[in-house]
Amino acid sequence: LKKCFPNNSPEDHEELLKATLIQTGKSFFESPILWFSDISKIRASISNIFGEDELESEYKKGKGIIVIIPHFGAWEMLSLIISHKYPTTTLYKPLKLKGLEDKIINARSRLGNTLVPTTPQGVKKIYAALKQGGIVAILADQDPGSYGGIFSDFYGVPALTTTLVSKMAQKTNAPIFKLLSKRVDSGFEIIWKKAHEPIHDQDLQISVDALNEAMQDCINQDITQYQWSYKKFKSRPEGEKSFY
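Report on the accompanying structure. (Residues numbered from 1 in each chain as written. Predicted model: local features only at pLDDT ≥ 70, side-chain atom pairs only at ≥ 80, totals over all residues. Heavy atoms only, no water.)

Brief notes about the sheet that holds strand E3 (residues 88-92)
Using the following cut-off: Here a strand pair is declared whenever DSSP counts at least two bridges between the two strands. Helix and strand assignments come from DSSP, with helices taken as H or I runs of at least 4 residues and strands as E runs of at least 2, each series counted from the N terminus. Angular values range over 0 to 180 degrees, each being the angle between N-to-C directions of two axes fitted as lines to C-alpha atoms, with helices fitted over their stretch in contact. We call two residues in contact when some of their heavy atoms are within 4.5 Å.
Ordered by their spatial adjacency, seven strands build an open sheet running E1-E9-E8-E2-E5-E3-E4, and the pairing between neighbours is mixed. Every interior strand has two partners, whereas the edge strands, strand E1 (46-50) and strand E4 (114-117), have only one. Averaged over all adjacent pairs, the angle separating strand axes in this sheet is 25 degrees, with direction ignored. Here three bridges tie strand E2 (residues 65-69) to strand E8 (residues 176-184), and the two strands are oriented parallel to one another. When the bridges of E8 are listed, Ile68 appears paired with Lys178. In the packing of helix H3 (residues 52-59) onto the sheet, the strands contacted are E1, E2, strand E5 (135-139), E8 and strand E9 (187-194), and the crossing angle to E9 comes to about 45 degrees.

Observations regarding helix H8 (residues 204-219)
Since one α-helical turn is 3.6 residues long, residues separated by three or four positions face the same way. Test applied: For a helix, the expected span equals 1.5 Å multiplied by the residue count minus one. Buried, partly exposed and exposed residues are distinguished by accessible area as a fraction of the type maximum, computed with a 1.4 Å probe on protein chains only: under 20%, between the cut-offs, and over 50%, respectively. In the analysis that follows, any N or O atom pair within 3.5 Å is treated as a polar contact, provided that within protein one partner can donate a hydrogen and the other can accept it, and provided that, for residues neighboring in sequence, both atoms belong to side chains.
The terminal C-alpha atoms of H8 lie 23 Å apart, and with 16 residues this matches the ideal 22 Å at 1.5 Å per residue to within 8%. Within H8, burial applies to Ser207, Val208, Ala210, Leu211, Asn212, Ala214, Met215, Gln216, Cys218 and Ile219. Its buried side turned inward, H8 meets E2, strand E6 (149-154), strand E7 (157-162), helix H7 (164-172) and E8. Of the residues flanking the start of H8, the one acting as N-cap is Asp203, its side-chain oxygen 3.0 Å from the backbone nitrogen of Gln205.

So, the nonpolar core
Our working definition: For our purposes a nonpolar core is just a set of buried Ala, Val, Leu, Ile, Met, Phe, Trp, Tyr and Cys residues, chained together by side-chain atoms within 4.5 Å.
Counting 33 residues, the largest nonpolar core has Ile66, Ile68, Phe154, Val165, Met168, Ile176 and Trp228 as its most contacted members. Of all elements in the fold, only E2, helix H6 (120-131), E5, E7, H7 and H8 reach the threshold of two or more residues within this core. At five residues, H8 tops the list of elements feeding residues into this core. Here Trp228 is in contact with Leu1, Cys4, Phe5, Thr20, Phe154, Tyr155, Ile219 and Ile223, once residues within four sequence places are set aside.

Some points on the pattern of salt bridges
Any two side chains of opposite charge can pair, on the condition that their charged atoms come close. As a reminder of what qualifies: Throughout this description, the term salt bridge denotes a Lys or Arg side-chain nitrogen within 4 Å of a carboxyl oxygen of Asp or Glu.
Enumeration over the complete set of coordinates arrives at nine salt bridges. The salt bridge partner of Glu52 is Lys85, with a shortest N-O separation of 3.1 Å. Taken as a pair, Glu52 in helix H3 and Lys85 in the loop between helix H4 (78-83) and E3 lie far apart in primary sequence, 33 residues in all.

Considerations on the packing of aromatic side chains
The description of an aromatic ring pair uses the distance of the two centres, along with the angle that the planes make with each other. We count it as follows: Only Phe, Tyr and Trp rings are paired, with Trp represented by its six-membered ring, and only when their centres lie within 6.5 Å; those with planes under 30 degrees apart are stacked, over 60 edge-to-face, the remainder tilted. A ring has a charge above it when a Lys NZ or an Arg CZ is no more than 6 Å from the ring centre and no more than 35 degrees off the ring normal.
For the coordinates displayed, the defined rule picks out twelve aromatic pairs. Look at Phe5 and Trp228: their rings are 5.6 Å apart centre to centre, the planes differ by 75 degrees, and that puts the pair in the edge-to-face class. Here the residue Phe5 occupies a position in the segment before helix H1 (10-36), and Trp228 occupies one in the segment after H8, the gap between them amounting to 223 residues. Exposure remark for Phe5: the relative accessible area of 13% places this residue in the buried category. Note on Tyr59 and Tyr86: the rings are 5.0 Å apart at their centroids and 70 degrees apart in plane angle, and the pair reads as edge-to-face. Placement of Tyr59 in helix H3 and of Tyr86 in the loop between H4 and E3 is noted, with a sequence separation of 27 residues between them. Each member of the aromatic cluster is reached from another via a ring pair, and the members are Phe5, Phe154, Tyr155, Tyr226, Trp228, Phe233, Phe243 and Tyr244. Sitting over the ring of Tyr127, Lys171 keeps its end group 4.8 Å from the ring centre. The ring of Phe243 carries the charged tip of Arg236 above its face, separated from the ring centre by 4.4 Å.

Interpretation in functional terms is not warranted from these geometric data alone.
So this is what it looks like as structure tokens:
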């Protein structure tokens, strides 16, 4: 938080930290409910859905849709919300705990969501899904590690950022939508919003920069609901000391 918001006072940082930890605690208790509850119960907790008309209009064109999601709010809800209505393929990083991974995969895929690992074989499957007119969902703020990325500013701090979304956009010209689930007093709001055109730019750096701007646009809905505990800045430019 200090790196991303250097102009905040120490008191502001403390308040932001406290509010962020409260939201992190909500995520901790929400996740198993979202994994194992009936979809009707989950949908009943949604007070508003914004922007889905535009998504449906693009979906009917049959070009496929790329959906980019940040670790924001009740993000575990989103693969269920999408796959309940649309054929969905989601990229995920395999977990180290096999027993837990199997349970989570079963929970996330119970409405027809196809989960594929971040491997060359998995990437082929998401291209195939787009070609068939389906929706591909990606947690686009993850550190891609050895799977491919370039540095791009995220709240003014260089962050290794995936190039996969940009390469998919360049190769398929599929529309890209941002998606988030925001906690509100009445439950949750689902917000769909089409990403700005620079994300389709043929210059990879311009496209990746636009991807991070899109993630920031989502997070700015309520900064406290972002999962700041995720090691977004794990990878550093050569010669720079680790944050963690």
